[in-house]
Amino acid sequence: MPQLFSTPPFPSPFSAAFPSYDSVVAALRAAGCVFAEDEAELILAAARTAGELTALVGRRADGLPLELVLGWAGFRGLRVAVAPGVFVPRRRTEFLVTEALAHAPDAAVVVDLCCGSGAVAAALAAGLDRPEVHAADVDPAAVACARGNLAGRGGRVYAGDLFDALPDAVRGRVDILAANVPYVPTGEVPLLPAEAREHEPLVALDGGADGLEVLRRVAAGAPDWLAPGGCLLVETSERQAPAAVDAFTRAGLATRLAVCEELYAHVVIGVREPGPGQGCPADRAADAGPGTPSPTA
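Residues numbered from 1 in each chain as written. Predicted model: local features only at pLDDT ≥ 70, side-chain atom pairs only at ≥ 80, totals over all residues. Heavy atoms only, no water.

Student: Could you clarify how one ought to interpret the overall build of the protein in this entry?
Tutor: When you go through the protein residue by residue, the secondary structure sums to 11 helices and nine strands. The buried share of the protein, taken over its 297 residues, is 49%. (Helix = DSSP H or I, 4+ residues; strand = E, 2+ residues; numbered from the N terminus. Buried < 20%, exposed > 50% of the residue type's maximum accessible area, 1.4 Å probe, protein only.)

Student: I keep staring at the sheet that holds strand 7 (residues 226–236) and nothing clicks. Help me out?
Tutor: Paired through backbone hydrogen bonds, the strands of a sheet run either parallel or antiparallel to each other. Spatially, the seven strands line up as an open sheet ordered 5-4-3-6-7-9-8, and their pairing is mixed. One side of each edge strand has no neighbouring strand; the edge strands of this open sheet are strand 5 (156–159) and strand 8 (254–260). Each neighbouring strand pair of the sheet contributes to a mean axis angle of 20°, computed without reference to strand direction. In this fold helix 7 (residues 140–150) packs onto strand 4 (132–137) and strand 5, with an angle of close to 175° to the strand it touches most, strand 5. Against the sheet, helix 9 (residues 213–225) engages strand 6 (174–179) and strand 7, with an angle of about 165° to strand 7. (Pairing = 2+ DSSP bridges. Axes fitted to C-alpha atoms, helices over the stretch in contact; angles between N-to-C directions. Contact = heavy atoms within 4.5 Å.)

Student: Can you walk me through the state of the cysteines in this structure?
Tutor: Per the stated rule, a full pass over the model turns up zero disulfides. Sulfur of C115: no disulfide; nearest cysteine sulfur belongs to C114 and is 8.2 Å away. (Disulfide = S-S within 2.5 Å.)

Student: How should the nonpolar core be read in this particular structure?
Tutor: Soluble globular proteins tend to pack their nonpolar side chains together in the buried interior. Formed by 37 residues in total, the largest nonpolar core has its most connected members in L124, I176 and L233. For this core, the element with the highest residue contribution is helix 6 (residues 119–127), accounting for seven residues. Not counting residues up to four positions away in its chain, the partners in contact with I176 are A100, A104, A107, V109, V110, V111, L124, L128, C231 and L233. With 30 residues, the next largest nonpolar core counts Y158, V170, V181 and V234 among its residues. (Core = buried A, V, L, I, M, F, W, Y, C linked by side-chain atoms within 4.5 Å.)

Student: How should I be thinking about the packing of helix 1 (residues 21–30) against helix 2 (residues 36–46) in this particular structure?
Tutor: Working note: a packed helix pair is described by the angle between its axes plus the distance between those axes. In the contact formed by helix 1 and helix 2, the axes pass within 9 Å of each other and the chain directions differ by 125°. Relative to helix 2, helix 1 is oriented oblique. Both helix 1 and helix 2 take part in a crossing whose hand is right-handed. On helix 2, the residues that touch Y21, V24, V25, L28 and R29 of helix 1 are A36, E37, E39, A40, E41, I43 and L44. Taken together, the residues of the contact of helix 1 with helix 2 break down into eight nonpolar, no polar and four charged. (Parallel < 35°, antiparallel > 145°, perpendicular 65-115°, else oblique. Left-handed = near helix turned anticlockwise from the far one by under 90°. Nonpolar A, V, L, I, M, F, W, Y, C, P; charged D, E, K, R; others polar.)

So this is what it looks like as structure tokens:
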């Protein structure tokens, strides 16, 4: 759910023509919205006229995801634009960003594969010191959305299938490779909540027979793109985690599983271990000396 505002729920600045906060809550609750009070607050804040408010409440009551009703999703304190047909970033994926920043706080080159709206790339850009940011997705709608979200951060977004979309100049230089791949097994897609099934692209949900087909492809290709000491991070489910860890290990990555019980998030992290004379991003930056230009300069 988008991050809630801290203001109280609309005491009086609206004219009598506006539906009341209580009436909006009642309409949302009748439509089955579990967090009707919180959603009413957000929708009321977004509406500029009574007609617009009525339309927004109607779209939500008809089952449109709240983020698409509002046009944005909250993600690690950022307001990320979302659009119809684009995967909506989940709060649990914030844990992937947290783990990436903890592992490589001085990362200079970041790649976000299966980027969707570009939320992960935007959050990494915000948490690092002017990194070189690249993102890619196979879905044209996602590429357009991500370009809008990353335009102010110097990020470059490409259309294409996984690593095929990336410029060859990035090969072997990536410090953080984040890939929020689809991991729902094909047979379980019909069991997803209607908000996901009906409003998000299948390519962002369906991970193949066991849900790990895209993950295995990313793990197999990652060592060629990671810098020495660079890390690959992929979100998965608790049930799939052992097989995902095995895929990373088979790709030659030093692998561990990170778990956040609060968010029910499971992230597999694989590191390309440095060879002789090779170090982590911070070591390489120090070796380069103060006169070396930034890749984004």
